[in-house]
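The chain contents come next:
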Amino acid sequence: MRNLLRVVLVASIAMSSVFAQATELFFSEYIEGSSNNKALEIYNGTGSAIDLADYQIAQSSNGGGWAFWHVFPGGASIAAGDVWVIVNSSAVIAGMQEASDESLAFPSVVIHNGDDARALVKIVGTDTTWIDIIGVPDVDPGTGWEVAGVTDGTKDHTLVRKSTVTSGTTNWTASAGTDADSSQWIVYYQNFHMLGAHNQAEVPIAAIQFVPQPDSTDASPLDGQVVTISGVVTSEFWGSSSNRYMFVQDAEAAWSGIMLFEFGWDAFDGGSITGLAQGDSVTVTGTVAEYFGMTELIDVTSVIIHGTAMNPPAPMAVTTLAANDEQYESCLVMVTDVDITNGDDGNGEWIIDDGSGPVSVDDRWDYYYFPTTGDSLASITGAMEYTFSAAKLQPRLAADVVEAGEFVRIQRIQQVRGSDLMKAPFDAVSDTSYLRQDTVSVTGVVTMPTGLSFAGDGVKFNLADIHGGPWSGIMFYNPDSTAYPVLYEGDSIKATGWVDEYQTGPSGMTEFWIVGPITVLGVGNSHRAFIVSHDRSLLNPALSAAAPIAWILFRKNVIVLSRSCNFCFCSS
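Each chain carries its own residue numbering, running from 1 in the written order of its sequence. Where totals are concerned, whole chains, interfaces and linings use all residues; where local detail is concerned, this predicted model gives features only for residues with pLDDT of at least 70, and gives and counts side-chain atom pairs only at 80 or more. Note that the side-chain values use all heavy atoms of the structure and ignore hydrogens as well as water.

Asker: Any details on the overall build of the protein? Residues and values, ideally.
Answerer: When helices and strands are tallied, the protein shows 6 helices and 36 strands. Taken over 572 residues, the protein has a buried fraction of 51%. Here a residue-residue contact requires only that any non-hydrogen atoms of the pair lie within 4.5 Å. Summarising the internal contacts of the protein: among those between residues at least 6 apart in sequence, 63% fall at separations of at least 24. A 1.4 Å probe and the Shrake-Rupley method give the accessible areas. Residues count as covered only by the protein chains that appear here. Total accessible area on the protein is roughly 25,100 Å²; 52% of this is exposed by carbon and sulfur atoms. Only runs of H or I of at least four residues qualify as helices and only runs of E of at least two qualify as strands under DSSP, and these elements are numbered from the N terminus. Burial classes follow relative accessibility: with a 1.4 Å probe on protein chains only, a residue under 20% of its type's maximum area counts as buried, one over 50% as exposed, and anything between as partly exposed.

In structure tokens, the structure reads:
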């Protein structure tokens, strides 16, 4: 079993392969983006610095042959392993201008469309050597040339040279290839870029995830390669039994999420979390792999946790039909105004639809929602996963499933992330309800009646969701003893109030303060007891911080060890 450890410093990152040294410069990236978002990148893999005084870029427009030439500025050179980047001066995609060595206005070598060829040429005296070519100078392809089997690959796409390529070629047919395997290029979507370095150890997640024709193949172009990514943990496994799934995202955009799969991410060290937690900014090294259609990062060798992310990606609003698309695999998405068209599709799955088309909802994590066919929801947020031959939306906790209508379920008030819960014994804020200070309406069954528990001059009672279980209870309190009517165990009620926290120690007690009259809906209702199944289960932070006094807790066959202590323990 591999254990994921918190790594403070990574001295070096080993690449999965050792690449042969190049003997000449070659094009490493070509960008034909929207509007003026155009760029070219040249890579020096020779092992020595190269002066660009002897090099030019030949230009062809619409099949008109080599008619224009770009001369590099005086003194320009490329260090060993470095790149030279030329960007259109009107390009606005983030990071393009910052990566540029030349930023050129019209007319220039970076005013091109998909049918304009480019060539890298070396001229020494009267000797001219053609080194690398993109396109065919005397052929107008119409809109663009096919690359890696992608129609119009040179139009509205970014081309990145594969890391296995060590030299340019004047044979464009061989360079373009006929499919993803035979091509020297990886075709990315419009306005994507990796400018500033070639054969990067750290890559954007989209470089792993994007495939131009997902209906034909959805396998990552970097399948099997060791890569390093940086991003924000959007989904954590803590709180469920699936201690091997994490999701990381590096942009609020399609293709920008990936699943990290690693067994054993449940190690603890003196109360500190040694694995990842939602909201962490991280850098992770692992191997890209495909598992029955799901792109993953496995065999994780190092993790750097930089701390809490300042601007984590927000859920992307999509339709239920669009959520099934390959581009949202492992991304955090949100669908709104949905109907439950099938409340039980088997194996904990259920189906929702906003009118655009259905998507499945799964139960990778425990989010305590109990779907019923015909019900509606205001929104559902979660990570998109592909498993058992279908896309599944995976809500992370109760807060991700928002009810339509009058009532908020108690679990959505009470449940906090597992990583927050584990910190509850050590600080005073981590187990605070995410709905604190919100005014909501709830319904449930009274489990502790008024008058049974000491409340000073006030009054309190406990209310539980009819489904029972973790996170299902909450305390009602008011310093005015006349604020509530007399309530009995088994009374079914509805009430409106605001959520707050009462601090009695390192962690707080979530309470419900009523703002209007309580309506008794019925009497004599049953409720589900929460059965503690292990002698020390009550000492588990996941129970002790989850409003235990709002549940009915019991243990069979116990022996009282002491009647004089303030907090007594029993043994079976």
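Asker: Please give an account of the confidence of the model for the protein that cites residues and values.
Answerer: Reading predicted coordinates in detail is not appropriate for stretches of low pLDDT. Per residue, pLDDT captures the predictor's confidence, and it can take any value from 0 to 100. For the protein, per-residue confidence averages 86 on the pLDDT scale, and 85% of positions sit at 70 or higher. Predicted confidence for residues 1-19 stays below pLDDT 50, and this span has 37 contacts to residues more than four positions away or in other chains. Across residues 268-273, confidence stays below pLDDT 50; counting only partners more than four residues off in sequence or on other chains, it has 12 contacts.

Asker: I'd like a description of the pairing of strand E19 (residues 294-308), backed by residues and values.
Answerer: Strand pairing requires that DSSP identify at least two bridges connecting the strands. With 2 bridges joining them, strand E15 (residues 257-261) and E19 adopt parallel strand pairing. Along E19, the bridge assignment pairs Leu260 with Leu297. Bridging between strand E18 (residues 280-291) and E19 involves 11 bridges; their strand directions are antiparallel. Bridging across to E19, Val288 finds its partner in Leu297.

Asker: So what's going on with the pattern of salt bridges? Which residues, and what values?
Answerer: Here the idea is simple: oppositely charged side chains can pair when their charged atoms come close. One side-chain nitrogen of Lys or Arg within 4 Å of one carboxyl oxygen of Asp or Glu is enough to make a salt bridge. All chains considered together, the criterion is met by 11 salt bridges. Here the salt bridges do not stand alone but share partners, grouping Glu32, Lys38 and Lys155 into one network.

Asker: Account for the environment of Asp250, with residues named and values stated.
Answerer: Turning to its location among the elements, Asp250 is positioned in the loop between strand E14 (245-249) and E15. Judged by relative accessible area, which is 30%, Asp250 ranks as partly exposed. The spacing of Asp250 and Val233 is 17 residues in sequence and 8.9 Å in space, taken between C-alpha atoms. In terms of polar contacts, Asp250 uses its side chain to reach the backbone amide nitrogen of Ile205, at 2.8 Å. Polar contact criterion, stated in full: a pair of N or O atoms within 3.5 Å, where within protein one must be able to donate a hydrogen and the other to accept it, and residues adjacent in sequence count only if both atoms are side-chain atoms.

Asker: Go over the side chain of Asn88, please, and point to the residues and values.
Answerer: Note that Asn88 resides in strand E7 (residues 83-88). Residue classification places Asn88 among the buried positions, given a relative accessible area of 2%. A polar contact of 2.8 Å, which involves the side chain of Asn88, links it to the backbone nitrogen of Ser90. Among the polar contacts listed, one links the side chain of Asn88 to the backbone oxygen of Val110, at a separation of 3.2 Å. Apart from the residues lying within four places of it in its own chain, the contact partners of Asn88 are Asn36, Lys38, Gln97, Ser103, Leu104, Val110 and Ile111.

Asker: Break down the pairing of E14 for me, citing the residues and quoting the values.
Answerer: For E14, the buried fraction is high: 5 of the 5 residues fall into the buried class. On E14, burial covers both faces: Tyr245, Phe247 and Gln249 on one face and Met246 and Val248 on the other are all buried. When strand E13 (residues 226-235) meets E14, the two strands line up antiparallel, connected through 3 bridges. Counted as the bridge partner of Ser235 is Phe247 from E14. Sheet topology note: the E14/E15 ladder contains 5 bridges and is antiparallel. Bridge assignment links Phe247 to a residue of E15, and that residue is Met259.

Asker: Could you give an account of the sheet that holds strand E4 (residues 55-60), naming the residues involved and the relevant values?
Answerer: Hydrogen bonds between backbone groups are what pair the strands of a sheet, and the pairing can be parallel or antiparallel. Strand order in the open sheet formed by 4 strands is E5-E4-E9-E10, with antiparallel pairing between adjacent strands. For this open sheet the edge positions go to strand E5 (66-71) and strand E10 (127-134), each flanked by a neighbour on one side alone. Taking each pair of neighbouring strands and ignoring which way they run, the sheet shows an average axis angle of 30 degrees. Here strand E9 (residues 118-124) pairs with E10 via 7 bridges, running antiparallel. Bridge pairing in E10 places Val124 opposite Asp127. Lines fitted to the C-alpha atoms define the axes, with helices restricted to the stretch that makes contact. Angles between their N-to-C directions range from 0 to 180 degrees.

Asker: Tell me about the sheet that holds E7, and name the residues and values.
Answerer: Judged by pairing direction, the sheet is mixed, and its 6 strands sit side by side in the order E8-E7-E2-E1-E11-E12 without closing on themselves. What marks the edges here is a single partner per strand, and that holds for strand E8 (102-104) and strand E12 (185-188). Going from strand to strand, the sheet's axes swing by 15 degrees on average, the running direction of each strand aside. Pairing of E7 with E8, which is carried by 3 bridges, proceeds in the parallel orientation. What sits directly across from Ile86, in E8, is Glu102.

Asker: Outline the packing of aromatic side chains, supporting the account with residue identities and numerical values.
Answerer: The pairing test for Phe, Tyr and Trp rings, Trp by its six-membered ring, is centres within 6.5 Å, and the orientation test on the planes gives stacked under 30 degrees, edge-to-face over 60, and tilted for anything in between. This structure, assessed with the given rule, holds 19 aromatic pairs. Seen in terms of ring centroids, Phe72 and Trp84 are 6.2 Å apart; in terms of plane orientation they differ by 85 degrees. Their pairing is edge-to-face. Residue Phe72 is found in the loop between E5 and strand E6 (77-78), and its partner Trp84 is found in strand E7; the two are separated by 12 residues along the sequence. Look at Phe72 and you get buried, because its relative accessible area is 6%. Plain terms: the ring middles of Phe476 and Tyr484 are 6.3 Å apart, the flat faces sit at 65 degrees to each other, and that makes the pair edge-to-face. Given a relative accessible area of 0%, Phe476 falls into the buried group. What makes Tyr484 buried here is its relative accessible area of 7%. Joined through ring pairs, the aromatic side chains of Tyr188, Tyr189, Phe192, Phe210 and Trp255 make up one cluster. Whether a charge sits over a ring comes down to the Lys NZ or Arg CZ being within 6 Å of the ring centre and within 35 degrees of the ring normal. Against the face of Tyr245 rests Arg364, its NZ or CZ located 3.8 Å from the ring centre.

Asker: Describe the environment of Asp132, with residues and values.
Answerer: The topology assignment puts Asp132 in strand E10. For Asp132, a relative accessible area of 0% puts it in the buried group. Put simply, Asp132 and Arg118 are 14 residues apart on the chain and 8.4 Å apart in space, counted from C-alpha to C-alpha. Excluding residues that lie within four positions of it along the chain, Asp132 makes contacts with Phe26, Phe27, Arg118, Ala119, Leu120, Arg161, Gly168 and Thr169. Here the side chain of Asp132 touches Phe27 through a polar contact of 2.9 Å, landing on its backbone nitrogen.

Asker: Outline the nonpolar core, listing residues and values.
Answerer: As used here, the term nonpolar core means buried Ala, Val, Leu, Ile, Met, Phe, Trp, Tyr and Cys residues forming a set that is joined through side-chain atoms within 4.5 Å. By size, the foremost hydrophobic cluster in this structure holds 62 residues, and its most contacted members are Ile229, Leu260, Trp350, Ile352 and Ile380. In this structure, Leu25, Phe27, Val147 and Ala148 belong to the second largest nonpolar core, which totals 30 residues.

Asker: Account for the environment of Thr143, naming residues and giving values.
Answerer: Position of Thr143 among the secondary structure elements: in the loop between E10 and strand E11 (158-161). Note: C-alpha distance between Thr143 and Asp115 (28 residues apart in sequence) is 5.6 Å. When near neighbours in sequence (up to four residues on either side) are disregarded, Thr143 contacts Gly114, Asp115, Asp152 and Lys155. A distance of 2.6 Å separates polar atoms of two side chains, one belonging to Thr143 and the other to Asp152.

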